[in-house]
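Observations on the three-dimensional arrangement
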Amino acid sequence: MSLDPLLLEILACPCSKHGELRSDELNGAPVLVCLACDLAFPVRDDIPVMLLDEAVPFPGRAASASS
């Protein structure tokens, strides 16, 4: 995924505007993950889809916290 770093700085989770997002992959597909609520937002054709209806829980932190 090739998102502009400046774009990542200005995007925010729409769930109470949590803030910082990071790029990741979920099932081989690019996503942006909110670091506060662990929601994964899909990225389609290099365009982030920042809609709560499109977000899914991201299992990353929960899995790493239990180790």
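Please refer to the structure placed before this passage.
Only a predicted model underlies this, so the values are computations on that prediction, with no experimental measurement involved. (Residues numbered from 1 in each chain as written. Predicted model: local features only at pLDDT ≥ 70, side-chain atom pairs only at ≥ 80, totals over all residues. Heavy atoms only, no water.)

All right, on to the pattern of salt bridges then. As enumerated under the stated definition, the model contains 2 salt bridges in all. Salt-bridge contacts for Asp24 lead to Arg22; the nearest nitrogen and oxygen are separated by 2.2 Å. Overall, the relative accessible area of 30% leaves Arg22 in the partly exposed class. A salt bridge links Glu54 to Arg44, with the shortest nitrogen-to-oxygen separation between them at 2.7 Å. Note that Glu54 is positioned in the loop between β4 (47-48) and β5 (56-57) and Arg44 in strand β3 (residues 39-44), a separation of 10 residues in sequence. Overall, Glu54 belongs to the partly exposed group, its relative accessible area being 32%. (Salt bridge = Lys/Arg side-chain N within 4 Å of Asp/Glu carboxyl O. Buried < 20%, exposed > 50% of the residue type's maximum accessible area, 1.4 Å probe, protein only. Helix = DSSP H or I, 4+ residues; strand = E, 2+ residues; numbered from the N terminus.)

So, on to the nonpolar core. Counting residues in each nonpolar core, the largest one holds 11 residues, listed as Leu3, Leu11, Cys13, Leu21, Leu32, Cys34, Leu39, Phe41, Val43, Met50 and Ala55. Counting only elements with at least two residues in this core, the list comes to β2 (29-34) and β3. Among residues more than four places away in sequence, those in contact with Leu21 are Leu11, Ala12, Cys13, Leu32, Val33, Cys34 and Met50. Of all hydrophobic cores here, the second largest spans 5 residues; its members include Leu26, Val31, Val33 and Phe58. (Core = buried A, V, L, I, M, F, W, Y, C linked by side-chain atoms within 4.5 Å. Contact = heavy atoms within 4.5 Å.)

Bringing the environment of Ala12 into the picture now. Here Ala12 shows up in the loop between α1 (5-10) and β1 (21-26). Of the residues examined, Ala12 reaches a relative accessible area of 30% and is grouped as partly exposed. Sequence separation between Ala12 and Leu32 is 20 residues; the distance between their C-alpha atoms is 9.9 Å. In contact with Ala12, not counting residues within four places along its chain, are Lys17, Gly19, Leu21 and Met50.

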